[in-house]
Amino acid sequence: MRAFLAIYRREMAAYFHSPVAYVVLVAFLLLTGYFFYAGVSFYTLASLQVMQNPMMMELNLQTHLLAGLLGNVSMILLFAAPLLTMRLLAEERKSGTLELLLSYPLSDISVVMGKFFAAWSVLGLMVAATWVQIVLLAFMTPMPWLPLAVSYGGLLLMAGAFVAFGLWTSSLTENQIVAAFAGFLPLIILWAVGWAAPLVKPALGELLKGLSLGTHFQGFPKGLVDTADLVYFVLFIGLFLFLSIRTLEAKRWKA
Amino acid sequence: MIEVRELTKRFGATVAVDRLSFSLDQGEILGFLGPNGAGKTTTMRILTGFFPPSSGQALINGHDVVEEPKDARRAVGYMPENVPLYSEMRVEEYLNFVGGAKGLDRRRSKQEAGRVMEEVGIAKRAHQLIKQLSKGYRQRVGLAQALLGDPPVLILDEPTIGFDPGQIVEIRSLIKGFAGTKTVILSSHILPEVAATCSQVVIINQGHLMAEGPIELLRAGRQGGASLKVLLQGPQEALTRLLQDVPGVDSVACTGASPHLEGACYFTLETEAHGQVAARVAQAVVAAGHGLMELSPVSASLEEVFMQLTTEEHASGEEAA
């Protein structure tokens, strides 16, 4: 546990003593800020029209504004996560610090977990920072707090899945660029693979939807919790943490 | 304290360490010698648990490095070659991290960080970024992290590279100070360093154990006889003939004129055994009316032993091929 904490603290320090965390955070807030502005403007316009013609459509803050915004946030997280995780193990391997780290009486599990939770915390901080927008919105309109909390829980879970995957790709190589790209591509494919479901045979479609990150995330922005989705994300995180630990162990044997 | 039995490590087809065995008692300092690529670092990496041996066994404090890795590693302070450190951290912050990683609580960790910084002389640099430190200071930080937690065994891979001569003396005396309390393995290809700091020496070449034992034993056990160095005044040819006739002298070589004495010349004699031969040489020279300015026995340096062991192996390897 002490080793886990030491590693967690060191990783956090590595993010915040370097420009990495700040650059990613600022870029993230600028992007989500823009989407928020555009979304709210559009929603305001739509509200005005609905006020004049109530029969046109039923307007709901969670589904028509927040769900879209959170969807955007999740996409940006997908790109930010591999950039944050690429250095976790690849850098240590390249610079040789891993050799020293592994000579200490600590377990591979505490190394992997310390790094996972550190990167997850940074992504969590990014997600939390978008609450500036939520608070601004709360001044203007009553908020659906409970569904919103569910959505954010889903976002955090998904960020955890991205981090676990990125950590694993970082454990495979000593090249950070390779780790980042090996992180992006499968995540994007896993994210979008559910979209192909209507185009293929029903059985295959179900399988694709079952595998897809995007499909399992769909419910959360609407404030819906499905146990299957929860289980999916928890298993996803668990699988890639397990693989990271195993890879670290295997590299020890091969090195 | 440290026991290595039949240790072998293969990387694909290459055998980096081949059936290496040696042992080391508590409080001893072992010089681990070998040319580059001999398998020193590989052996140390096995001892510190970075990778397991292909076969064979290594015990530290009675704990097998593969079977009980945590217990074995708890007993070891390791300083790898080139000292990889987290350059973006400050010295004290880094050492606190190492304390945590070694499982110490925060108070103990802070205490230990303070102690080792004093011990290796980096207390004044505590708040400096590691990347701003000179090579010598980085090396000290590396030594400090190995000492942190007061492990009974220290494994130091080329510990004095990067130091200037003054610092080398300082670090060597620090390491020598561990004699009797800590068990130390230090690898080096600088022989005087090993001669100056170590009580035991293990020489390996191409993964094979070439020699093992106390330093004095290795010197004495060198093959062949001893040699003498003499400075004589007189005609060179006559002197050579005279020396060759002395019983017990195997060969005579003139190694050059003395830079200080006109007409004097250095000779190196390969002889059978010391005492009597030296006396006979002195007698013969004086009886013939030449000047005897200097006569001294040349004891084999560790370099010679080392060269002899490592090149012989090479030659016999070629013969076999």
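Residues numbered from 1 in each chain as written. Chains lettered and ligands numbered in written order. Predicted model: local features only at pLDDT ≥ 70, side-chain atom pairs only at ≥ 80, totals over all residues. Heavy atoms only, no water.

Peer 1: Can you tell me about empty space enclosed by the protein, naming the residues and giving the values?
Peer 2: Residue and element names in this part refer to chain A. Applying the stated criterion to the full structure yields four cavities of 30 Å³ or more. Counted as a void, the largest cavity has a volume near 90 Å³. Lining the largest cavity are T32, F35, F36, L66, L69, L70, N72, V73, T130, Q133, I134 and Y152. Elements with a contribution of two residues or more to the lining of the largest cavity: helix 2 (20-52), helix 3 (61-85) and helix 7 (131-140). Among the residues forming the lining of the largest cavity, the class breakdown is eight nonpolar, four polar and no charged. (1 Å grid on protein atoms, 1.4 Å probe; cavity = no way out; pocket = protein on both sides within 12 Å on 5 of 7 lines; lining within 4 Å. Points joined across faces, edges and corners; volume = space filled by probe spheres on them. Helix = DSSP H or I, 4+ residues; strand = E, 2+ residues; numbered from the N terminus. Nonpolar A, V, L, I, M, F, W, Y, C, P; charged D, E, K, R; others polar.)

Peer 1: An account of helix 4 (residues 87-95) of chain A is needed here, citing residue identities and associated values.
Peer 2: Of all the positions in helix 4 of chain A, only R87, L88, L89, A90, E92 and R93 of chain A are classed as buried. Note on helix 4 of chain A: the residue one or two positions beyond its end, G96 of chain A, has a positive phi of about 90°. (Buried < 20%, exposed > 50% of the residue type's maximum accessible area, 1.4 Å probe, protein only.)

Peer 1: Could you give an account of the packing of aromatic side chains, naming the residues involved and the relevant values?
Peer 2: Applying the stated criterion across every chain yields a total of 27 aromatic pairs over all chains. With a centroid separation of 5.8 Å and 55° between ring planes, the pair formed by Y34 of chain A and F35 of chain A is classed as tilted. The interplanar angle of 40° and the centroid separation of 5.2 Å between the aromatic rings of F116 of chain A and W120 of chain A together place this pair among those described as tilted. With F116 of chain A and W120 of chain A both in helix 6 (residues 108-129), this residue pair falls four residues apart, about one helical turn. By relative accessible area, F116 of chain A is classed as buried at 1%. On the basis of relative accessibility, which here comes to 22%, the residue W120 of chain A falls in the partly exposed class. Each member of the aromatic cluster is reached from another via a ring pair, and the members are F165, W168, W191, F217, F220, Y232, F233, F236 and F240 of chain A. For R10 of chain A, the ring lying beneath its charged end belongs to Y86 of chain B, and the centroid distance is 3.6 Å. Over the ring of Y137 of chain B we find R140 of chain B; its NZ or CZ atom is 5.3 Å from the centre of that ring. (Phe/Tyr/Trp six-rings, centres within 6.5 Å; stacked < 30°, edge-to-face > 60°. Lys NZ or Arg CZ within 6 Å of the ring centre and 35° of its normal.)

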